[in-house]
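Examination of the molecular architecture
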Amino acid sequence: MPTMTKEERLAEIRQRIDSLEARAGDGTAETRARLQRRFDALRDDADAASAALDEKADAIQERFADLESRVDIAAKREASEMAGDATSFADAVEAELHDWDVAIERMQARAAVKAYSARARAEASVAELRKARNRTAERLTAARSSTGEAWEEQKKRVTAALDDLEQKAGEATAKFK
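Residues numbered from 1 in each chain as written. Predicted model: local features only at pLDDT ≥ 70, side-chain atom pairs only at ≥ 80, totals over all residues. Heavy atoms only, no water.

Let's talk about the overall build of the chain
When helices and strands are tallied, the chain shows five helices and zero strands. The order of α-helices and β-strands along the chain, N terminus first, is α-α-α-α-α. The globule rule puts the C-alpha radius of gyration for 177 residues at 16 Å, and the 27 Å found for the chain is more than 25% above it. Projected onto its principal axes, the C-alpha positions of the chain cover 95 × 40 × 15 Å. Looking at the chain as a whole, 25% of its 177 residues qualify as buried. Residue pairs in contact within the chain that sit at least 24 positions apart in sequence constitute 64% of those at least 6 positions apart. Taking the average location of the 32 positive side-chain charges in the chain and that of its 37 negative ones, the two points are 5 Å from each other. (Helix = DSSP H or I, 4+ residues; strand = E, 2+ residues; numbered from the N terminus. Rg over C-alpha atoms; globule rule 2.2 N^0.38 Å. Buried < 20%, exposed > 50% of the residue type's maximum accessible area, 1.4 Å probe, protein only. Contact = heavy atoms within 4.5 Å. Lys, Arg positive; Asp, Glu negative; His and termini not counted. Charge placed at Lys NZ, Arg CZ, Asp CG, Glu CD.)

What about the layout of surface pockets?
Space inside the largest pocket adds up to approximately 530 Å³. Taken together, 20 residues make up the lining of the largest pocket; nearest its centre are Asp-66, Arg-70, Met-107, Arg-110 and Thr-173. Elements that contribute at least two residues to the lining of the largest pocket include exactly α2 (29–82), α3 (86–112) and α5 (148–176). The element contributing the most residues to the lining of the largest pocket is α2, with nine residues. Its residues assigned to classes, the lining of the largest pocket comprises nine nonpolar, three polar and eight charged. (1 Å grid on protein atoms, 1.4 Å probe; cavity = no way out; pocket = protein on both sides within 12 Å on 5 of 7 lines; lining within 4 Å. Points joined across faces, edges and corners; volume = space filled by probe spheres on them. Nonpolar A, V, L, I, M, F, W, Y, C, P; charged D, E, K, R; others polar.)

Thoughts on a nonpolar patch on the surface
On the surface, a cluster of nonpolar side chains totalling about 360 Å² of accessible area is made up of Ile-60, Phe-64, Leu-67 and Val-71. Note on placement: Phe-64 falls in helix α2. (Patch = residues over 30% accessible without salt bridge, like charges linked within 9 Å, V, L, I, M, F, W, Y side chains within 5 Å. Areas by Shrake-Rupley, 256 points an atom, 1.4 Å probe, with all protein chains shown as cover. Salt bridge = Lys/Arg side-chain N within 4 Å of Asp/Glu carboxyl O.)

Some remarks on the nonpolar core
Within the largest apolar cluster, 22 residues are counted, with the highest numbers of intra-cluster contacts made by Val-93, Leu-97, Leu-129 and Val-158. Mapped by element, the contributors of at least two residues to this core are α3, α4 (116–144) and α5. In terms of residue count, α3 provides more of this core than any other element does, eight residues in total. Those residues in contact with Val-93 that sit more than four places away from it in its chain are Ser-80, Leu-140, Val-158 and Leu-162. (Core = buried A, V, L, I, M, F, W, Y, C linked by side-chain atoms within 4.5 Å.)

Some words on the side chain of Glu-96
By secondary structure assignment, the location of Glu-96 is in helix α3. The buried category is assigned to Glu-96, whose relative accessible area is 1%. Sequence-distant contacts of Glu-96, that is, excluding residues within four places in its chain, are made with Ile-73, Lys-76, Arg-77, Ser-80 and Leu-162.

With respect to the packing of aromatic side chains
Applying the stated rule across the entire model yields one aromatic pair. Relative to Trp-151, the ring of Phe-89 lies with its centre 5.4 Å away and its plane at 80°, an arrangement referred to as edge-to-face. One end of the pair, Phe-89, is in helix α3; the other, Trp-151, is in helix α5, and 62 residues separate them in sequence. Of the residues examined, Phe-89 reaches a relative accessible area of 1% and is grouped as buried. (Phe/Tyr/Trp six-rings, centres within 6.5 Å; stacked < 30°, edge-to-face > 60°.)

Digging into the packing of α3 against α4
How two helices sit against one another is set out by the angle between their axes and by the gap between those axes. In the contact formed by α3 and α4, the axes pass within 10 Å of each other and the chain directions differ by 170°. Taken as axis vectors, α3 and α4 run roughly antiparallel relative to one another. At the point where α3 passes α4, the crossing takes the left-handed sense. Where α3 abuts α4, its residues Ala-90, Asp-91, Val-93, Glu-94, Leu-97, Asp-101, Ile-104, Glu-105, Met-107, Gln-108, Ala-111 and Ala-112 lie against Arg-119, Ala-122, Glu-123, Val-126, Leu-129, Arg-130, Arg-133, Thr-136, Ala-137, Leu-140 and Arg-144. Its residues assigned to classes, the contact of α3 with α4 shows 12 nonpolar, two polar and nine charged. (Axes fitted to C-alpha atoms, helices over the stretch in contact; angles between N-to-C directions. Parallel < 35°, antiparallel > 145°, perpendicular 65-115°, else oblique. Left-handed = near helix turned anticlockwise from the far one by under 90°.)

Following this line, the structure appears as structure tokens:
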């Protein structure tokens, strides 16, 4: 037996409700009125189920977008970790910071639609992320102008700042769930 999609199941349920209502049309006025309340309630339930499916689909799309973003960030991190020279390292970190900007903006958009107290907490998390992102950019700027041993020390500071940014992002993401 082939598996039906959720949308197909919902359409079948709505057809069954319509069929029941059509058959009830042959009953007395009192019977039709009593059954109509039931049919209306069933349609409300079908609408709620449809809305829940849409909400779930949106949540799934959001999770995929977050996952794709994290993979993009990981790819940039790998590039910076594997970089053989200062320019390649700095370029990879700059690209990673751009991906972080995208991820932070997506979090900001999600924060904006939350209820008051949840919104305030979410926006505080986003603000902390922005601070961590900006700290990383500042360290990268300092690293770009360094050479020799100073460069190696600055590289470690940039990497530590990236690690801090990633940790704060994980904490913020946990608050958004």
